[in-house]
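Architecture and fold: a report
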Amino acid sequence: MPAALTELPTRSQVMARMDSARSGDGPNDLGVLLVVNLDRFSLVNEGLGHDAGDRFLLYAAQQINGATRDNDIVARLGADEFLILCEGVGARSGRIIAERIVTAFQKSVTLGGHELRITVSVGITTVNRDMTPLDAVRQALSATQRAKTNGRNQAAHFDSTGSIQAMHWHDLERALSVALERDQFVLHFQPISCIRDGSLHGVEARVRWNRPDHGLIPPDVFIPVAEESGFIHELGVWVLNEALRQLSSWKASRSVPPGFYVSVNLSPAQITDSSLVATIKGAVAAHGITPAELTLEMTETALIADEALMVATVDALAAAGISLSIDDFGTGYSSLARLRHLPAKQLKVDRSFVAGLTTDKRDAALVAAVIGLAHEFGMTCVAEGVETAEQFDHLRRLGCDFAQGYLLGRPMPAAALEETWDLATAS
Ligand code: C2E
Ligand code: CA
Ligand code: CA
């Protein structure tokens, strides 16, 4: 994230980059270009002043950065517009990135004491060698214009035939609502390993949407839509049952390590659903699982919402013997006093801190502090997003209990996990 908006690359830098890619070797398709326009940004600038406007722009740049990869170039295009070049990316991935950006702007933010929701309109075009950088920018801009005239808060794609295809947030919502009955969701499982000996400790279940003609859609694109429409409740029940069904099938056919468990993510909306406890107890019993074999992951932010109901739910789950894990620890605003009262068994250090573990002293201090805090509270600690052997060794030296990340294994289909971890067939 740049320290200031003025540090973002400019449009001419992006165009120069496209020019040099055109003259280099490689495939004809160079990538995708996106234009992100803030809907009704003048409300902020004129209503709340330019300082608030600048703060919102910084926030917007942050949201866009979070929805793109490190090697994508995010530039400032105009007063309320950003230009993004994603090299080596095809049209389909371009659409996924655009959907992710639209999704990132669904939340309202508090600015100068006002709560406001500024959505975005996104235009996408694929870039190839035969077009000039200026043509590419013009195409992306005209697609953005189409997204605006279609009602904003959506993306539109300039396709090879020259026509523009709109993609609605509402389309996403509608497609999502029939996805369950059409059996379009799948779970992937990511290993959680013991740092001491590298053995398999448990797995975290993560949902993906196998959307026809779109490929496998990651959860950060559709979970926010599901949360907003209320569909998350149905989806959550499916995820829980599917994760427990898989665990029970592994237990029947394979020799799983002692203490092996499956961890399932819960959205804030699910935690304040008064029927959640009964649903979970019912699912555990139906699949013949012991409660200790299920862990539920909740973010700090989820645990702040609707205090009384949350406390009742979390206490009831713990009383039923189900383990609770606090996800993305360090990124929310939980007070340490609250942590003392939570019956959680585990803290998960957010991957943004792990990323800087071996290069940034402050990240290293933070990770060490979270591990110490977990242990002082009688909890175990999982480090997320472990990508390098150096990070793994550092975590071992800090006494962290468990690790999760690409170094140990990506989220993968059940069959791939069986192969990688050689879950032996029970004799
Ligand atoms: P999360 O639970 O914090 O998951 C971590 C995300 O980081 C996952 O993305 C995972 O694939 C990714 N990741 C894992 N290891 C590494 C690594 O070493 N490096 C990097 N860069 N990334 C890594 P994913 O699967 O796309 O999930 C994103 C988020 O979507 C999850 O964050 C979770 O909050 C949510 N989610 C996923 N599945 C479900 C679900 O079934 N229900 C609910 N409510 N939310 C879910
Ligand atoms: Ca998680
Ligand atoms: Ca996490």
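Basis of the calculations
- Each chain has its residues counted from 1, running along the sequence as written.
- Starting at A for chains and at 1 for ligands, labels are handed out in the order in which the entities are written.
- Two thresholds apply to this predicted model, a pLDDT of at least 70 for residue-level local features and 80 or more for giving and counting side-chain atom pairs, whereas whole-chain, interface and lining totals are computed over all residues.
- Heavy atoms from the whole structure form the basis of all side-chain values; hydrogens and water molecules are not counted.
- Salt-bridge detection follows one rule: a side-chain nitrogen of Lys or Arg within 4 Å of a carboxyl oxygen of Asp or Glu.
- Labels follow the DSSP assignment, with helices taken as runs of H or I lasting at least four residues and strands as runs of E lasting at least two, numbered in each case from the N terminus.
- Relative accessibility decides the category of a residue: with a 1.4 Å probe and only protein chains considered, values under 20% of the type maximum give buried, values over 50% give exposed, and everything between is partly exposed.
- Here the coordinating atoms are restricted to nitrogen, oxygen and sulfur within 2.8 Å of the metal centre, or 3.2 Å for Na, K and Ca, and because water is not among them the sites may look incomplete.
- As used throughout, domain bounds are those supplied by an automatic or database domain assignment.
- By definition, residues are in contact when any of their heavy atoms lie within 4.5 Å.
- Buried area, as used here, totals the accessible surface that two parts lose on assembly, with accessibility defined by a 1.4 Å probe and the loss added over both.
- Contacts described as polar in this section are N or O atom pairs within 3.5 Å, which, within protein, must combine one atom able to donate a hydrogen with one able to accept it, while residues neighboring in sequence count only if both atoms come from side chains.
- Being near a molecule or strand, for a residue, means having at least one of its heavy atoms within 4 Å of it.
- The accessible surface values rely on the Shrake-Rupley method and a 1.4 Å probe; as for residues, cover is taken only from the protein chains in view.
- The nonpolar class holds Ala, Val, Leu, Ile, Met, Phe, Trp, Tyr, Cys and Pro. Asp, Glu, Lys and Arg form the charged class, and all remaining residues, Gly among them, are polar.
- Criterion for a disulfide: a pair of cysteine sulfur atoms at a distance within 2.5 Å.
- Remark: nonpolar core denotes a set of buried residues (Ala, Val, Leu, Ile, Met, Phe, Trp, Tyr, Cys) joined through side-chain atoms within 4.5 Å.

**Observations concerning the pattern of salt bridges**
Opposite charge on two side chains makes pairing possible when the charged atoms of those side chains draw close. Counted according to the given criterion, the structure contains 14 salt bridges. Residue Arg17 pairs with Glu87 through a salt bridge whose shortest N-O separation is 3.1 Å. Highlighted residues: Arg17 in helix 1 (residues 11-23) and Glu87 in strand 3 (residues 81-87), separated in sequence by 70 residues. For Arg17, a relative accessible area of 35% corresponds to the partly exposed category. For Glu418, the salt bridge goes to Arg254, with nearest N and O atoms at 3.3 Å. Within this pair, whereas Glu418 is found in helix 17 (residues 414-420), its partner Arg254 is found in the loop between helix 8 (232-253) and strand 12 (261-265), the two being separated by 164 residues in sequence. When its relative accessible area of 18% is taken as the criterion, Glu418 is described as buried. Overall, Arg254 belongs to the partly exposed group, its relative accessible area being 21%.

**Some remarks on the coordination of the calcium ion (ligand 3)**
Every protein donor of the calcium ion (ligand 3) is listed here as Asp327 (OD), Asp328 (OD), Glu384 (OE) and Glu384 (OE), and their distances to the metal cover 2.1 to 2.4 Å. Positions of the donor residues of the calcium ion (ligand 3), expressed as sequence spacing, correspond to D-D-x55-E. Between the calcium ion (ligand 3) and the calcium ion (ligand 2), a spacing of 4.1 Å is present, and a bridge between the two is formed by Asp327. When its relative accessible area of 8% is taken as the criterion, Asp327 is described as buried. In this structure Asp328 comes out as partly exposed when scored by relative accessible area, which is 24%.

**Looking at the domain arrangement of the protein**
Per the domain assignment, the segments making up the protein are domain 1 (11-158) and domain 2 (182-426). With centres defined by C-alpha atoms, the gap from domain 1 to domain 2 works out at 32 Å. Taken together, the contact pairs 6 residues of domain 1 with 11 residues of domain 2. Both faces combined, the contact of domain 1 with domain 2 buries some 730 Å², and carbon together with sulfur accounts for 56% of it. One can count 2 salt bridges joining domain 1 with domain 2. In this structure, Arg100 engages Asp220 in a salt bridge whose closest nitrogen and oxygen atoms are separated by 3.9 Å. Connecting domain 1 to domain 2 are 0 residue pairs in polar contact (both at pLDDT 80 or more).

**Some remarks on the site of ligand 1**
Taken together, the neighbourhood of ligand 1 is formed by 22 residues, with Arg206, Arg208, Arg351, Glu387 and Tyr406 sitting nearest. Measuring from a nitrogen atom of ligand 1, one finds a side-chain N or O atom of Gln190 at 2.9 Å. The protein chains hide 83% of the 790 Å² of surface that ligand 1 would expose on its own. Every element with two or more residues in the shell around ligand 1 is listed here: strand 10 (200-211), helix 7 (219-229) and strand 14 (323-329). Looking at the shell around ligand 1, the element that brings in the most residues is strand 10, giving 4 residues. Classifying every residue of the shell around ligand 1 gives 8 nonpolar, 6 polar and 8 charged.

**Notes on the coordination of the calcium ion (ligand 2)**
Summarising the metal site, the calcium ion (ligand 2) is bound by the protein donors Glu204 (OE), Asn265 (OD1), Glu297 (OE) and Asp327 (OD), whose distances to it range over 2.2 to 2.3 Å. Linear spacing of the donor residues for the calcium ion (ligand 2) on their chain is E-x60-N-x31-E-x29-D. Its relative accessible area of 1% is what places Glu204 among the buried residues.

**A short note on the state of the cysteines**
Counted according to the given criterion, the structure contains 0 disulfides. For the unlinked cysteine Cys400, the closest cysteine sulfur is that of Cys381, found at 4.2 Å.

**Some details on the nonpolar core**
Among the nonpolar cores identified, the biggest contains 79 residues, and Leu294 and Leu296 are the most heavily contacted of them. The leading source of residues in this core is helix 8, at 8 residues. Residues within four places of Leu294 in sequence aside, it is in contact with Leu240, Leu244, Val262, Val264, Ile280, Val284, Ile322 and Ser323. Formed by 35 residues, the second largest nonpolar core is a distinct cluster that contains Leu38, Val44, Val89 and Ile124.

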